[in-house]
Amino acid sequence: MKVEVVIVQPSVLSVLVHNQPGVLVRVAGMFSRRGFNIDSLTVGVTQDPEFSRITVAVCGNQAFIDQVKKQIEKLVEVVAVQILPLNHSVVRGLALLKVKAGDNRSEILKLAEVFRANVVDISGSTVTLEVTGEESKITALAELLAPYGLLETIQTGLVALERGENTIYQYEERENYEQNVL
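Residues numbered from 1 in each chain as written. Predicted model: local features only at pLDDT ≥ 70, side-chain atom pairs only at ≥ 80, totals over all residues. Heavy atoms only, no water.

Taken N-terminus to C-terminus, the directions of helix H3 (residues 105-114) and helix H4 (residues 135-149) make an angle of 180°; their axes are 11 Å apart at the nearest point. By the angle class used here, H3 and H4 are roughly antiparallel. Mapping the contact onto sequence places Glu-107, Ile-108 and Leu-111 in H3 and Leu-141, Leu-144, Leu-145 and Tyr-148 in H4. (Axes fitted to C-alpha atoms, helices over the stretch in contact; angles between N-to-C directions. Helix = DSSP H or I, 4+ residues; strand = E, 2+ residues; numbered from the N terminus. Parallel < 35°, antiparallel > 145°, perpendicular 65-115°, else oblique. Contact = heavy atoms within 4.5 Å.)

See below:
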């Protein structure tokens, strides 16, 4: 019997929130209370220090994603929520990969060059690479490095922006904004 592996592409939501203590706990708590799983979560201050942007990757059908968006929008601290269309967005992650170097150092450095990875540390027996890009690029590099002895990896959550002139700020006006709807 042949088993078919189906890779589900996560949906990416961009959430603009007030930059204040406890906001991340409230957003993550909403997911937890409703039994929603988070595949990736990244938070950072925007160009305006009054706001932070949370990028959340979740897997599910369109109805599920719409439900997640509606639940996030109910939180008082949330200013805007945007579902980013993957075919019209720039989505990136970052990973650090530590590899046994030994006699294969030059081969590892050539792979790093092909993947546009930066060498961030070299010791007598290891090479640590920094790679940014789509999930598939990071996974491909990790798979190619595995035979050399991938010692340790760490990966950030995704960050994403919609291509073109659209911004999350066009989603700021909401009916429930500044009303405690919980």
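Glancing now at the nonpolar core. For soluble globular proteins, the rule of thumb is that nonpolar side chains tend to be buried together. Counting residues in hydrophobic clusters, the biggest one holds 17 residues, and the most contacted among them are Leu-13, Val-15, Val-27, Phe-31, Ile-72 and Val-78. Elements that contribute at least two residues to this core include exactly strand S1 (11-18), helix H1 (23-33), strand S3 (51-58), helix H2 (62-73) and strand S4 (78-84). Sort the elements by how many residues they give to this core and H1 lands first, with four residues. Discounting residues that sit within four places of it in the chain, Val-27 has contacts with Ile-54, Leu-75 and Val-78. In this structure, Ala-95, Ile-108, Leu-111 and Phe-115 belong to the second largest nonpolar core, which totals 16 residues. (Core = buried A, V, L, I, M, F, W, Y, C linked by side-chain atoms within 4.5 Å. Buried < 20%, exposed > 50% of the residue type's maximum accessible area, 1.4 Å probe, protein only.)

Right, let's talk about the layout of surface pockets for a bit. Roughly 440 Å³ of volume is contained in the largest pocket. Along the walls of the largest pocket sit 20 residues, with Gln-9, Pro-10, Val-91, Glu-135 and Leu-158 positioned nearest its centre. Looking at the lining of the largest pocket, the elements with two or more residues in it are strand S5 (89-100) and H4. Sort the elements by how many residues they give to the lining of the largest pocket and S5 lands first, with four residues. Taken together, the residues that form the lining of the largest pocket break down as seven nonpolar, eight polar and five charged. (1 Å grid on protein atoms, 1.4 Å probe; cavity = no way out; pocket = protein on both sides within 12 Å on 5 of 7 lines; lining within 4 Å. Points joined across faces, edges and corners; volume = space filled by probe spheres on them. Nonpolar A, V, L, I, M, F, W, Y, C, P; charged D, E, K, R; others polar.)

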